[in-house]
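# Examination of the molecular architecture
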Amino acid sequence: MKTIGLAHGNGGEENGRLIEELFYRHFQNEILQQAEDAAVIEQGWLAFTTDSFTVTPLFFKGGDIGKLSICGTCNDLAMMGAKPKYLTCAVIIEEGFEISNLEKIVLSMKSELEKNGAVIVSGDTKVVPKGSVDRIFINTTGIGEIRYKGISSNRISQSDLIIVSNSIGRHGASIFLEREEMEFSTALESDCQSLWPVVEKLIEAEIPIKAMRDATRGGVAAVLNEWAKQSDICIEVEEEKVPISREVQGVCELLGFEPFTLANEGTFLIAVDPKDAPKALKLLRSMEASSMAEIIGEVTAGYPQKVLLKTPYGTSRFLELPSGELLPRIC
């Protein structure tokens, strides 16, 4: 590896290798090596995370870069059982960017902050010459108060069940259609949304949560493979159980995409003990943001550190980490 390619930012194999072989190697410490969505700090009562957003187009069906920047960081905190509290916001703006569009972005951020009960407490603004950056990039860093301790992708064990909260692939598919200006007669839009209200209900219902993760870059395939590796388990997924909208399925069939590797921005996976799965599923389905929740798989001893996808036709294949250039600029 001599230069960085677009594949290094896809959330898949190349991205993981870059993180492990460069950043983890030089920044090595016990907290970072947990490889969670957010770091648990201060004796386990604070969660801390950061993310940057460069999506193209800036405004898309279901959201914009502002909404995405708040959802992305707050959702990473929520996946660790933490209520989002305080965020920073840093923006790099290209000379000539319309102030009216900047205000739309800021208002989207404000709206999403209110849904999470969080506030921006610090920030930074840089304006660079035209051509130095593609219109606007946003970084948000978040601190959350952990309301449920012990959530970890290293805790999943045999017989646990895997639940997905929503239909998959909508963000990646919708962003691609809009960016390429492909005219499809479809109501497809991004699933971009804040997940803390859903997670809060799971915590209030006292459902024991083993692991949670939102399926962003690399999609469901990336999350499942990360879990299989970190907990040294095999995850067997029933393909026909995975909720995929007709619109996403159509886009995938037409363009050759794999729905399991398409990005999501308001869909998460949760691992629970079999005895807790019915209650968790019922609660998730009772909320609009997760009304399409399904139990899609279970943990077995079959193939350690592998994800096995079982098709409706009685065959099986390994669901691998995505590799190569997927959909650039999706978040």
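Scope of this entry: the structure provided in the associated data block. (Residues numbered from 1 in each chain as written. Predicted model: local features only at pLDDT ≥ 70, side-chain atom pairs only at ≥ 80, totals over all residues. Heavy atoms only, no water.)

Counting buried positions along strand E11 (residues 268–272) yields five of five residues, so the element is predominantly enclosed. Judged by which residues are buried, E11 turns out to be covered on both faces: Phe268, Ile270 and Val272 on one side and Leu269 and Ala271 on the other are all buried. Sheet topology places strand E8 (residues 161–164) next to E11; four bridges connect them, and they run antiparallel. Across the sheet, Val164 pairs through a bridge with Leu269, a residue of E11. When strand E9 (residues 211–214) meets E11, the two strands line up antiparallel, connected through four bridges. Residue pairing for E11: Met212 is matched across the bridge by Ile270. (Buried < 20%, exposed > 50% of the residue type's maximum accessible area, 1.4 Å probe, protein only. Helix = DSSP H or I, 4+ residues; strand = E, 2+ residues; numbered from the N terminus. Pairing = 2+ DSSP bridges.)

On to the sheet that holds strand E6 (residues 119–128), then. Sheet architecture is open: five strands sit in the order E1-E2-E7-E5-E6, paired in mixed fashion. Looking at the sheet topology across the chains shown, the edges are occupied by strand E1 (39–41) and E6. For this sheet, the mean inter-axis angle between neighbouring strands, taken without regard to orientation, is 20 degrees. Both strand E2 (residues 46–53) and strand E7 (residues 136–146) contribute to a ladder of eight bridges, which runs antiparallel. Paired with Asp51 across the two strands is Thr140, which belongs to E7. (Axes fitted to C-alpha atoms, helices over the stretch in contact; angles between N-to-C directions.)

A few words on the packing of helix H2 (residues 65–78) against helix H3 (residues 99–116). It is the contact of H2 with H3, at a shortest axis distance of 7 Å, that shows an interaxial angle of 30 degrees. As far as their axial angle goes, H3 and H2 are roughly parallel. In this structure, H2 crosses over H3, and the sense of that crossing is right-handed. In this structure, H2 uses Ile65, Gly66, Lys67, Ser69, Ile70, Cys71 and Cys74 to contact H3, whose residues at the interface are Ile105, Ser108, Met109, Glu112, Leu113 and Asn116. When its residues are assigned to classes, the contact of H2 with H3 shows seven nonpolar, four polar and two charged. (Parallel < 35°, antiparallel > 145°, perpendicular 65-115°, else oblique. Left-handed = near helix turned anticlockwise from the far one by under 90°. Contact = heavy atoms within 4.5 Å. Nonpolar A, V, L, I, M, F, W, Y, C, P; charged D, E, K, R; others polar.)

This part is about the packing of helix H4 (residues 170–179) against helix H7 (residues 246–255). At a closest axis distance of 10 Å, the pairing of H4 and H7 adopts a crossing angle of 60 degrees. Considering their axes alone, H4 and H7 lie oblique with respect to each other. At the point where H4 passes H7, the crossing takes the left-handed sense. Each of Arg170, Ala173, Phe176 and Leu177 in H4 lies in contact with H7, whose residues at this interface are Val248, Val251 and Leu255.

What follows concerns unusual backbone geometry. In this structure, the amide linkage connecting Thr56 to the following residue, Pro57, adopts the cis form with an omega of 5 degrees. The residue Pro57 is located in the loop between E2 and strand E3 (59–60) in this model. With a phi close to 65 degrees, Gln305 is a non-glycine residue in the positive phi region. With respect to the helices and strands, Gln305 occurs in the loop between strand E12 (294–300) and strand E13 (306–310). Given the relative accessible area of 39%, Gln305 is considered partly exposed.

Okay, the sheet that holds strand E10 (residues 234–238) next. Pairing within the open sheet is mixed, and its seven strands lie in the order E9-E11-E8-E12-E10-E13-E14. The sheet is open, and its two borders are formed by E9 and strand E14 (316–318), each paired with just one other strand. Direction aside, neighbouring strands of the sheet carry axes that sit 25 degrees apart on average. Two elements, E10 and E13, share five bridges in a ladder whose sense is parallel. Among the inter-strand pairings, Ile235 is bridged to a residue of E13, identified as Val307.

Looking now at the environment of Lys241. Considering the arrangement of structural elements, one finds Lys241 in the loop between E10 and H7. Separated by 80 residues in the primary sequence, Lys241 and Leu161 place their C-alpha atoms 13 Å from one another. For Lys241, the contacting residues outside a window of four places in its chain are Glu294, Ile295 and Ile296.

Functional significance is not addressed by these values, which are geometric in nature.
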